[in-house]
Structure formats: C-alpha cells, structure tokens
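Residue-level listing of the chains:
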Amino acid sequence: MKKLVKNNVYWVGKIDWELTEFHGSEYSINNGSSQNAYLIQEEKTVLIDTVWGPHKDEFVENLKNEIDLNEIDYIVINHGEPDHSGSLPALMKEIPNTPIYCSANAKKSLTGQYHHPEWNFNTVKTGDSLDIGNGKKLVFVEMKMLHWPDSMATYLTGDNILFSNDAFGQHYALNELFNDKADESILWEEAMKYYANILNPFSSFVTKKLEEIQNMNIQIDIIATSHGTIWRENSMQIVKKYAEWANEYKENQITIIYDSMWGATQKIAHKIAMDLRDLSPDTRVKVLNVADVDKNDIMTEVFKSKAIAVGSPTVGRTIITSVAGWLHFLEELKFKGKVAGVFGSYGWSGEGNKVLRKKLEGAGFKVIDAEIKAMWMPDREFLESTVDFSKALLNAAK
Ligand code: FEO
C-alpha cells in the first residue's frame, strides 16, 4: 500500500518485520528492517528503487494496485545491491522498455547480477538531471563508496527531498515511516549500529561527500532513506551526526573484549574493569565476551570507545578462534584514532599476546607496549599487577 511522503511522492516499499539477519549472517537484525522504495507522480511517473527479491511478487502486485505499470516513465536505481534492486527483474518483465536511470557502476552491478544487458539503461553522474514536469526535476548525486562504488542519491527539486538510499538509514521496521513518529532510542541505536558496521570503513568518503552536498547549496527538507526512517523533522540532524561519526568518533568509553577457555583470561578481563573503575570513575567500561555477545553490537561498542583491551588465551601457539574471527571483522571496519591493549593467559608456549598485537596493529589501532600475560590461573598477587596495564591504557587514550 502506498503511503504519502509529501505532495505527489509516496512510499511503496516493504516493512520487513521478520528479517533477522542481513548480508548473509554478517549483520544481525534486532528490530526488523525495511526496504524503502518511492513513487513520484508528477507529469512523469517515477519509481525510485525496488525491494528485496523475496518480496518481489508482493511489491509488483502492490504497485499494480496503485497504478497501471505502463504509466511508469522512469525507474531510478540508486544502488544495485539486491535489497534494493532484487525486484527489478520481476518488474522489468512487465515493463521491459522502461528507462532505468543509474550510475555507470550500477549498470555494471545490475547487469552482473541479473544478466539483462538489453535493459534500457541511462547512466548518470553527479549534476545530471531529469525533468519530470510540473517544474520539478530529479538531480543525481553519485555517492561512491557510501557504501558501494555504484551508490547514488537522487534529489527532487520543488519538494526538496533527497532519496539517499543506504546513507542515513537504519535497520528498523518503522511502520510509521517518519522520524518524528519513531521510538527515539531504537532509531538512534540502530542508526549508530548501521554506521559503525557498514559505513565506518568509508568515513573519509562520508566527510568529503557531506562537504560536497553542503557546497551544492540545496535545501533538504526530507531525507528519504532506503532503510528505516524517512527524516522529515529536523532532517539535517542525521547529516550533522554523520559528520561527527565520520571524524574518528569516540566517547569516554573503554571496552574489554575477550574469550576464555578455563576462566583465566576472563579473570583478567574483569580485573581490568575494576582497575579502570578505580583509576577513572568517569570512564564508561564494558566487558564483552566475544563468543556470547552479538558481533555487530560489539562493533558498535568499539565505535563508541576511545580504547579497547582485547584478550585471548594462547591456543595451539595462536589465539582462540572466536577472537581471531572477530579481529578479522575488526580489520574490515577500519577504525581510526583508537588505542588498544592486549592481555591473555597461557599454560605452555604463550604466543597469544603477540598474535593479538599484530592483528590489532593491522586493524589500525595504536597498541600500547604494556600487556598482561598470565601463566596458568592468575592469583591475587598477579592480579594486583594489572593496574599498570590499565593505567597505561588510560594514559594512551587521553
Ligand atoms: Fe541497503 Fe547496500 O544495500
């Protein structure tokens, strides 16, 4: 069912209540999600994006209930990833000659995925526009690396709506669509999780793009994202937030991330938390077992942290697999301006800290020299010595 966004612009997407994971199992979904598509009905009728393939029949059926599909003059595909383009093949079966407007890279990704080079592609770049009648036009803005090379946004003049696709979105099934109707705590939690887990590696592109959009001097009244909310109340608040998040964001938080086999590494993790509480009562400290806590939630906590301490027992001359897998993900997210310390326990050879240090340096963290390395189960006397490590971590993160 279509839902009015403004004047002749309607939401025609899918609220995906049951979704539990995204990007395979790479991204956990805790509050549902949505794939937002939009219909503009001016002198020309334009569809902006589609929804994920599993919902294609429902999507096409719903569109048919609103309009004769042959009335669609143009389709704009802002991004080729399947959650937005997945219903395109089903739609194009119905209206095979309809022009598709997209970036040159999106033409590549759409052709690579759906194998229809005969589709009527019209590639556009930043500043290109499309007249849709009634004095309004669509202006295209390439959003390269936000978060794919093919990403693009589309600006509707007159109504001042920026269809931003993934940028500024969240995985949040917001039935009411608009940010002024959202549960604020979920909205911001999901917006930050989305940034930390998807956009953070591209922060330098975010900063440049925000400057570019600012220099375009366009009035943006509504930001119509492709996931979660449509920002209509104080829409620029999310843009300001992105500027902050893209600039080596950190709060006064230290997160301790570890896994343990027989409790020795866990004991150290807990002791570091106690040390930090005594040494710096204002610093928020969290302790997360990487084997039990959702990996994306841990990344959001890293995003908020000025420093992290990462611990693992030595297992077979290296680190435990749960920590190793998580560190691989950490490297992918390219955090900048953050400090790390390593700790662990061992019974025989004790290479764990060395491996942790190397992986954290590879992930872009400034790793402090101080470390904690306990042979067998740390006793009371050993645990007194962890204070020096905690002090060094705090000092390095100042
Ligand atoms: Fe929501 Fe990059 O797809």
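Below, the structure is looked at part by part. (Residues numbered from 1 in each chain as written. Predicted model: local features only at pLDDT ≥ 70, side-chain atom pairs only at ≥ 80, totals over all residues. Heavy atoms only, no water.)

All right, on to helix H9 (residues 295-304) then. Counting buried residues along H9, eight of its ten residues qualify, which places the element largely inside the surrounding structure. Along H9, the residues classified as buried are Asn-296, Ile-298, Met-299, Thr-300, Glu-301, Val-302, Phe-303 and Lys-304. The backbone nitrogen of Asn-296 lies 2.8 Å from a side-chain oxygen of the residue at the head of H9, namely Asp-294. (Buried < 20%, exposed > 50% of the residue type's maximum accessible area, 1.4 Å probe, protein only. Helix = DSSP H or I, 4+ residues; strand = E, 2+ residues; numbered from the N terminus. Polar contact = N/O pair within 3.5 Å; in protein donor to acceptor, adjacent residues only side chain to side chain.)

Attention shifts here to the sheet that holds strand E15 (residues 161-165). What links the strands of a sheet is backbone hydrogen bonding, and the strands pair in either a parallel or an antiparallel sense. With respect to topology, six strands assemble into an open sheet ordered E12-E13-E14-E15-E16-E17, the strand pairing being mixed. The open sheet has two edge strands with one neighbour each: strand E12 (129-133) and strand E17 (230-231). One ladder, built from two bridges, connects strand E16 (residues 222-225) with E17; its direction is antiparallel. Its bridge partner lying in E17, Ile-223 is registered against Trp-231. (Pairing = 2+ DSSP bridges.)

A word on the pairing of E12. The pairing of E12 with strand E13 (residues 136-142) spans four bridges and is antiparallel. Each residue of the ladder has a partner; that of Leu-130, found in E13, is Leu-138. The hairpin turn running from E12 into E13, its antiparallel successor, is two residues long, and Asn-134 in that turn takes a positive phi close to 55 degrees.

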